[in-house]
Amino acid sequence: MNPPCGRCKKPVYPTEKINCLDKFWHKGCFSCEVCKMALSMSNYKGFEKKPYCSMHYPKTSFTIVTDTPENKRLKQQTMLNSQALYKEEFEKTKGKGFSVVADTPEMQRVKKTQDQISHALYKEDFEKNKGKGFSVVTDTPEMQRLKKTQDQISNIKYHEEFEKSKIRSDAPPPENRREDEQPNDPRLIQPAVQPRPLAPPAGGPRYQALYSYTAAEADEVSLQEGDLILNVETIDAGWVFGFNQRTGQRGMLPANYIRPI
């Protein structure tokens, strides 16, 4: 038997049945109690098993209680009961936890004696461990000279390592050098040597540069729009290794700047 509708009380057939708020509804009967706007399972709000829209949903509010003499008496009685319970709990737990000790002259003397004993034990332990750990070294002229010599040796080693790494690294491209890095002495200026293009490797995939790119590091390759890139190898996400046929350089370049042809 088909259940009755929650609004019109007529039978609700399965094809148009809505089960909500512990009732069954016709799709047309499931509407706001105030404005009769059609509702669905996603936008209704229920109050006392009746559907409402967001605009006419009943607002709950607090009830203001008048501060009558009877209410004042009940409030005072409640406070007295709370104080009585607190005092009872205090009497039960008294002596089980810590207690406040008066700061009498006798207690001050005991405290001072304990501080002196702690100081004596600390000094004794310090004397036992003296010499086992680090010791303070006097900053004599001899120590200052040794320190200065060590700093000079460290500085020399640093410059040697810097020069070695400078020789191993590739020189930056001429267009990226600043003018203030050029030597001032005309005798030290040497004519620029044009790099000999490397022979293009045979075979392999062929790519074309979509945009121009200026190398930011020594192991990167500069590009111009339309350059032909050969032997492209993927390094990681976003970077590849390839050979620029125009410049004869081989190195890293951004993967999104080229496309296969």
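Small disclaimer: the values here were computed from a predicted structure and weren't measured. (Residues numbered from 1 in each chain as written. Predicted model: local features only at pLDDT ≥ 70, side-chain atom pairs only at ≥ 80, totals over all residues. Heavy atoms only, no water.)

A. Summary view of the packing of aromatic side chains. In the structure shown here, the tally under the stated rule is six aromatic pairs. Measuring from ring centre to ring centre gives 6.0 Å for F47 and Y57, while their planes differ by 85 degrees; the resulting arrangement is edge-to-face. Separated by 10 residues along the polypeptide, F47 in strand β3 (residues 45-47) and Y57 in the loop between β4 (50-52) and α1 (69-93) bring together distant segments of the chain. Where Y213 meets Y257, the ring centres are 5.5 Å apart and the plane angle is 70 degrees; that geometry is what we call edge-to-face. Taken together, the residues span a long stretch of sequence, with Y213 in the loop between β5 (206-209) and β6 (228-236) and Y257 in the loop between β8 (249-254) and β9 (258-260) at a distance of 44 residues. Here Y213 falls in the buried class, since its relative accessible area comes to 16%. (Phe/Tyr/Trp six-rings, centres within 6.5 Å; stacked < 30°, edge-to-face > 60°. Helix = DSSP H or I, 4+ residues; strand = E, 2+ residues; numbered from the N terminus. Buried < 20%, exposed > 50% of the residue type's maximum accessible area, 1.4 Å probe, protein only.)

B. Fine view of the state of the cysteines. Across all of its chains, the model carries zero disulfides by this definition. You can see C53 has no disulfide; the closest cysteine sulfur is in C32, sitting 3.6 Å from it. (Disulfide = S-S within 2.5 Å.)

C. Layout of the pattern of salt bridges. Under the counting rule described, the total for this entry stands at nine salt bridges. Of the charged contacts, one joins E33 and R7 as a salt bridge, the two residues approaching to 3.1 Å between their closest N and O atoms. One end of the pair, E33, is in the loop between β2 (23-26) and β3; the other, R7, is in the segment before β1 (17-20), with 26 residues separating them in the sequence. Given a relative accessible area of 26%, E33 falls into the partly exposed group. (Salt bridge = Lys/Arg side-chain N within 4 Å of Asp/Glu carboxyl O.)

D. Focus on the sheet that holds β5. Taken in spatial order, the five strands make up an open sheet running β8-β7-β6-β5-β9, and their pairing is antiparallel. Among the strands making up the open sheet, the edge pair consists of β8 and β9. On average, each strand axis in the sheet is tilted by 45 degrees relative to the strand beside it, whichever way the strands run. Two strands pair when backbone bridges link them, and β6 and strand β7 (residues 239-244) are joined in this way by five bridges, in the antiparallel orientation. In the sheet register, I229 faces β7, and the bridge partner there is N244. (Pairing = 2+ DSSP bridges. Axes fitted to C-alpha atoms, helices over the stretch in contact; angles between N-to-C directions.)

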